[in-house]
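# A structural walkthrough
Below are the chains, spelled out letter by letter.
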Amino acid sequence: MAQSLRPKKKRGLLARLAAVFVAAACVLVAGLWYLARPAAPDAFYANRRDPIPPPGTLMASEPFTRDVPAGAQAWRVLYATTRDDDTPAVASGVVVASTGSSAASRPLVAWAHGTTGMDPGCAPSVLKHPFDNVPALKALLRQGWVYVATDYVGLGTSGDHAYLIGEDAARAVLDSARAARQLPGLHADGKVTVWGHSQGGNSALWAGMRAGGYAPDISVAGVAAFAPATDLRALFEAVQGTMFGKIVSAYLAEAYAKAYPDVRLSDYLGPTSMILARDIAGRCVGGRATLFSIVETMLLPGGIFKRDPASGPLGARLDENMPSAPIDVPVLIAQGVEDDLVPARVQQAYVAQRCSAGQKIDYRQFDGRGHLSLVADGSPLEAGLIAWTEDRFNGAPATPNCAQ
């Protein structure tokens, strides 16, 4: 009798050990999931006043040292801006300039960053490496130009981040240039060029479209967009099944559902994809935290959408945020041929469409370059970008190549 009970005891012990192991694994995963959430921005980002002052007003600044290139000084800033419905808002950003003062008016490069996330803790000025994927930063500083990088509203500061909503981003970019001019001793009151990558490429093109009407006090000399998110309808159709395409689709779905009453998540996402997409949208891009998002994308083999994102209200809103109005200053668009997030064929079609509408564009393709390697240190983009920007500041004639 005693011997017959031993196998049962062993099975019971194994079952308890398995339960303990599963419980420990769940605790570990939950702990890692929690640690992968974005860090909360510190008190600087809440340093606002009511009523919010006019757009472009510098509201606060303090020295900033994280990852700042040698021979440069930097500040993080808070400034007033407006949302796309004219609601006053506060945005944060970073200003960088070479050390030493200058009595001359210094040109300014307004940078619009690519996708970093949707949470306030995903602002570049909050992240460990705030200058990731900024091309030619050291070179532009050597030129004596001033760099200002908006975080956009809702990254760093409070409020929903209007991901790939062009009007909202354009205002944040243009107002960052206004605010940078108010930092004492910089003399950042010369001409402005706008640079942007990916999401920020869309923002840069929108800033070029809106500069004359929204910020006529700023002399925008040119717009340079690198792998910009342009034809959003075609873009999200093309990449919705890829790993990073699923991540940015989650951001887009969350942002558009919050911004537009006619875009309902339940119309485009199923119950499982809605849960996973919302979780992905609460996490930043980059670093180990992205591993959780990657795992979740594997649970959605066909993408997050149950309905074609180019259809219905969402498709109409994608078209609405395509940068398709005239830009009255020289435009440079750079594209990596091997880009798997913004495919070259989508970019080529957009450029052809805009050229046929009369927009003059200097379009440059780079063989062997992908979405991030296009803007990496040492990219062949850099030298030409600096030369192109210098020409804009010097008033040289543009060199569009639409006819090629």
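These notes cover the structure that comes with them. (Residues numbered from 1 in each chain as written. Predicted model: local features only at pLDDT ≥ 70, side-chain atom pairs only at ≥ 80, totals over all residues. Heavy atoms only, no water.)

Another point: the sheet that holds strand E7 (residues 220-226). Taken together, the nine strands give an open sheet; going across it, the order is E1-E2-E3-E5-E4-E6-E7-E8-E9, and neighbouring strands pair in mixed fashion. Only two strands of the sheet have a single partner each, and these edge strands are strand E1 (58-63) and strand E9 (361-366). Here the average twist between neighbouring strands, direction ignored, is 20°. Relative to E9, strand E8 (residues 331-336) runs parallel, the two being bridged by six bridges. By the bridge assignment, Gly336 is partnered in E9 with Phe366. The sheet strands contacting helix H4 (residues 199-214) are strand E2 (72-82), strand E4 (108-112), strand E6 (192-197), E7 and E8, and the helix crosses E6 at an angle near 150°. (Pairing = 2+ DSSP bridges. Helix = DSSP H or I, 4+ residues; strand = E, 2+ residues; numbered from the N terminus. Axes fitted to C-alpha atoms, helices over the stretch in contact; angles between N-to-C directions. Contact = heavy atoms within 4.5 Å.)

This part covers the packing of aromatic side chains. The tally for this structure, following the rule as stated, stands at seven aromatic pairs. Considering the side-chain rings of Phe131 and Tyr147, the 6.0 Å spacing of their centres and the 65° angle between planes classify their relative orientation as edge-to-face. Within this pair, whereas Phe131 is found in the loop between E4 and helix H2 (137-142), its partner Tyr147 is found in strand E5 (residues 146-150), the two being separated by 16 residues in sequence. The buried category is assigned to Tyr147, whose relative accessible area is 1%. Summarising the aromatic geometry, the rings of Trp195 and Phe226 are spaced 6.3 Å apart at their centres and angled 70° between planes, so their arrangement reads as edge-to-face. (Phe/Tyr/Trp six-rings, centres within 6.5 Å; stacked < 30°, edge-to-face > 60°. Buried < 20%, exposed > 50% of the residue type's maximum accessible area, 1.4 Å probe, protein only.)

Glancing now at helix H5 (residues 232-239). Of the positions making up H5, those classed as buried are Leu232, Leu235, Phe236 and Val239. Along H5, the residues classed as buried sweep out an arc of 90° about the axis, all on the same side. (Arc of directions from axis to C-beta.)

What follows covers the environment of Glu254. Within the secondary structure, Glu254 sits in helix H6 (residues 243-259). Assessed through its relative accessible area of 15%, Glu254 is described here as buried. Those residues in contact with Glu254, other than ones at most four positions away along the chain, are Met118, Leu265, Arg278 and Ala281.

Between H6 and helix H8 (residues 271-281), whose axes approach to 8 Å, the crossing angle comes to 95°. Taken together, H6 and H8 sit at an angle that is classed as roughly perpendicular. Mapping the contact onto sequence places Ile247, Ala250, Tyr251 and Glu254 in H6 and Ala277, Arg278, Ile280 and Ala281 in H8. Among the residues forming the contact of H6 with H8, the class breakdown is six nonpolar, no polar and two charged. (Parallel < 35°, antiparallel > 145°, perpendicular 65-115°, else oblique. Nonpolar A, V, L, I, M, F, W, Y, C, P; charged D, E, K, R; others polar.)

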